[in-house]
Amino acid sequence: MTLQTPQPPPSALRAVLGALDSETALRQPAAAALRHPTGPLLPAHPLAVYVLTGPRPELPAARRTGWRFLIKDGTEVTAAAEVVQSTEGHSFSHFTAGPYLDSTVRALREAWQLAQSSRTPRQPRLLTFPGQYATALWLHSPDTGPAADLLIPLAPAPLGVTAHRARPAAELLPLLVRTPRARPLLLGSS
């Protein structure tokens, strides 16, 4: 597999660079690690962000909502910046920190290792499941379609899902999009 990282639109990169120069944006709690950098702050590893919702979501129904950039302070990834699509192109949304940051870096490394043993081209994307509080690195195969797509769940993963284990999307999606349990009926209610 070869990884084909698509170039983000210029407006997405401009939005991130603007946020890195904005004192207001850097006041966000998740931007704490960016306030006193030891080197230049650089956006890296842009990933298109897709959201998958609905009672029986399928990958073709995933909606692209924007881009996430990992922010490097020198050689270390210290935060991520997310931009969303807007009428002017893209606008800065927020910075993130926490466990998904290291997990994204790890999943990208795993994707590069997988790329060494396959000739199938894939595009890394970030796929979120808001109703399940789950995120996965989506290795999309533009030539063969969703049947060949792989997902690498990021940690922390939902119960019953092993983080950082690449699996075919068709096998993993049912586990990631489980419908919430129905509320129990109370006695005397209908």
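Residues numbered from 1 in each chain as written. Predicted model: local features only at pLDDT ≥ 70, side-chain atom pairs only at ≥ 80, totals over all residues. Heavy atoms only, no water.

1. Considering the nonpolar core
Part 1 of the argument: Counting 33 residues, the largest nonpolar core has Leu34, Ile71, Phe95, Leu127 and Leu151 as its most contacted members.
Part 2 of the argument: When contributions to this core are tallied by element, the ones reaching two or more residues are helix H1 (10-20), strand E2 (41-51), strand E3 (63-73), strand E4 (76-86), strand E6 (121-129), strand E7 (134-140) and helix H3 (169-176).
Part 3 of the argument: The leading source of residues in this core is H1, at five residues.
Part 4 of the argument: Non-local contacts of Leu127, meaning those with residues more than four positions away in its chain, are made with Tyr50, Leu52, Leu59, Ala62, Ala134, Thr135, Ala136, Trp138 and Leu151. (Core = buried A, V, L, I, M, F, W, Y, C linked by side-chain atoms within 4.5 Å. Buried < 20%, exposed > 50% of the residue type's maximum accessible area, 1.4 Å probe, protein only. Helix = DSSP H or I, 4+ residues; strand = E, 2+ residues; numbered from the N terminus. Contact = heavy atoms within 4.5 Å.)

2. Things to note about the layout of surface pockets
Part 1 of the argument: In this model, the largest pocket occupies a volume close to 200 Å³.
Part 2 of the argument: Along its surface, the largest pocket is lined by His45, Leu70, Lys72, Thr75, Glu76, Val77, Asp102, Val105, Leu108, Arg109 and Trp112.
Part 3 of the argument: Counting only elements with at least two residues in the lining of the largest pocket, the list comes to E3, E4 and helix H2 (99-115).
Part 4 of the argument: Here the lining of the largest pocket takes five residues from H2, the largest share from any one element. (1 Å grid on protein atoms, 1.4 Å probe; cavity = no way out; pocket = protein on both sides within 12 Å on 5 of 7 lines; lining within 4 Å. Points joined across faces, edges and corners; volume = space filled by probe spheres on them.)

Worth remembering: the numbers are spatial, not functional.
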